[in-house]
Amino acid sequence: MRLTWRSTLALAVVVGLIAFLGAIVVQKAWAQAKGPADFEFAGGAEGKVVFNHEKHSAKSPKCTDCHVKVFKMTKGQRSAPKMADMEKGQSCGACHDGKAAFGVKEKADCAKCHKKG
Ligand code: HEC
Ligand code: HEC
Ligand code: HEC
């Protein structure tokens, strides 16, 4: 095949387009691997609780350890767990039991989740 300047230009456009679409796919896959952005629970008088997907995934929990048995994965939907439920091993307490991860009953651990101010 003879490459004219026209076909060279067309080829360059196609290659550029594929690279662009590829970058979007990779970025989406990466965002999914890390999980969505941080979000806050109000947390009452003890102070707000920030949940970080990326840190959790790095600490070993797989998406399926939480979704969807412990937490739903509906966009924008937030559960409102109560400390009493967590102390019984539900919600965050499924892991934060003082064994798999720091617990929810020790005074010294409250501030690992709750941030005042
Ligand atoms: C340690 C538990 C945990 C792990 C592990 C986890 N998630 Fe989540 N995820 C949550 C919680 C909590 C919510 C908020 C829903 C709720 O409060 O019930 C949530 C919400 C979501 C949402 C909805 C987000 C929004 O903007 O409303 C998506 C999407 C999601 N998770 C994807 C993932 C993916 C992908 C992974 C794996 C990389 C993952 N999650 C791992 C706990 C977890
Ligand atoms: C593993 C993280 C975590 C730890 C540790 C933790 N909490 Fe919480 N706490 C939460 C979350 C999440 C909520 C729910 C917030 C919401 O729905 O707005 C909450 C809610 C609360 C509330 C609001 C009312 C209620 O009972 O649900 C109080 C008060 C509270 N926590 C006190 C404490 C105290 C005191 C400690 C330490 C003994 C503690 N928490 C340890 C995550 C934690
Ligand atoms: C599938 C198990 C699992 C569940 C469910 C879970 N966590 Fe964790 N979390 C972990 C592990 C493991 C660590 C690292 C533990 C350690 O260092 O003791 C951790 C660490 C954390 C940390 C410290 C790191 C950081 O992100 O700053 C916070 C805060 C935290 N979890 C909050 C929560 C809250 C709030 C919930 C409920 C919405 C929750 N976790 C549910 C397993 C879990």
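All values reported here derive from a predicted model rather than from experimental measurement. (Residues numbered from 1 in each chain as written. Chains lettered and ligands numbered in written order. Predicted model: local features only at pLDDT ≥ 70, side-chain atom pairs only at ≥ 80, totals over all residues. Heavy atoms only, no water.)

Asks: Talk me through the coordination of the iron atom of ligand 3; I want residue IDs and the actual numbers.
Replies: Octahedral metals with six donors have ideal donor angles of 90 or 180 degrees. Tetrahedral metals with four donors have an ideal donor angle of 109.5 degrees. The coordination sphere of the iron atom of ligand 3, as far as protein atoms go, consists of His-56 (NE2) and His-96 (NE2), spread over 2.0 Å. Around the iron atom of ligand 3, the six donor atoms sit at angles spanning 86 to 179°, and that spread fits a shape best called octahedral. In this pair, His-56 is assigned in helix α2 (residues 53-58) and His-96 in the loop between α4 (83-87) and α5 (107-113), connecting sequence segments 40 residues apart. (Donors = N, O, S within 2.8 Å, 3.2 Å for Na, K, Ca; no water. Tetrahedral: all angles 85-135°; square planar, octahedral: opposite > 155°, others 65-115°. Helix = DSSP H or I, 4+ residues; strand = E, 2+ residues; numbered from the N terminus.)

Asks: Tell me about the site of ligand 2, and name the residues and values.
Replies: For ligand 2, the set of nearby residues contains 21 residues, the closest of which are Gly-43, Met-83, Cys-110, Cys-113 and His-114. One of the backbone N or O atoms of Ala-42 is found 3.0 Å from an oxygen atom in ligand 2. Here an oxygen atom of ligand 2 and a backbone polar atom of Gly-43 are 2.8 Å apart. Among the elements of the structure, α4 and α5 are those that each provide at least two residues to the shell around ligand 2. The dominant element in the shell around ligand 2, judged by the number of residues it contributes, is α5, at four residues. (Near = heavy atom within 4 Å. Polar contact = N/O pair within 3.5 Å; in protein donor to acceptor, adjacent residues only side chain to side chain.)

Asks: Got a sec to walk through the pairing of strand β2 (residues 48-51)? Specific residues and values, please.
Replies: Here β2 shows one buried face, formed by Val-49 and Phe-51, and one open face, formed by Lys-48 and Val-50. Where strand β1 (residues 39-41) and β2 come together, three bridges link them in antiparallel fashion. Residue pairing across strands places Phe-39 opposite Phe-51, the latter belonging to β2. Here β1 folds back onto β2, and the loop between the two strands holds six residues, one of which, Gly-43, carries a positive phi near 80°. Where β2 meets strand β3 (residues 114-115), two bridges bridge the pair, whose relative direction is antiparallel. Of the residues in β3, the one forming a bridge with Val-49 is His-114. (Buried < 20%, exposed > 50% of the residue type's maximum accessible area, 1.4 Å probe, protein only. Pairing = 2+ DSSP bridges.)

Asks: Help me get a handle on the site of ligand 3, residues and values and all.
Replies: The environment of ligand 3 is formed by 19 residues, the closest being His-56, Cys-92, Cys-95, His-96 and Lys-112. Between ligand 3 and Phe-102, the relevant distance is 3.3 Å, taken from an oxygen atom to a main-chain nitrogen or oxygen of the residue. Mapped onto the shell around ligand 3, the elements with two or more residues apiece are β2, α2, α3 (63-66) and α5. Here the residues of the shell around ligand 3 are counted per class, giving twelve nonpolar, three polar and four charged. (Nonpolar A, V, L, I, M, F, W, Y, C, P; charged D, E, K, R; others polar.)

Asks: Outline the coordination of the iron atom of ligand 2, supporting the account with residue identities and numerical values.
Replies: At this site the iron atom of ligand 2 is bound by Met-83 (SD) and His-114 (NE2), with donor distances of 2.0 to 2.2 Å. Relative to the metal, the six donor atoms surrounding the iron atom of ligand 2 lie at angles of 85 to 179°, and the coordination shape comes out octahedral. Note that Met-83 is positioned in helix α4 and His-114 in strand β3, a separation of 31 residues in sequence.

Geometric descriptors of this kind do not, in isolation, establish any biological role.
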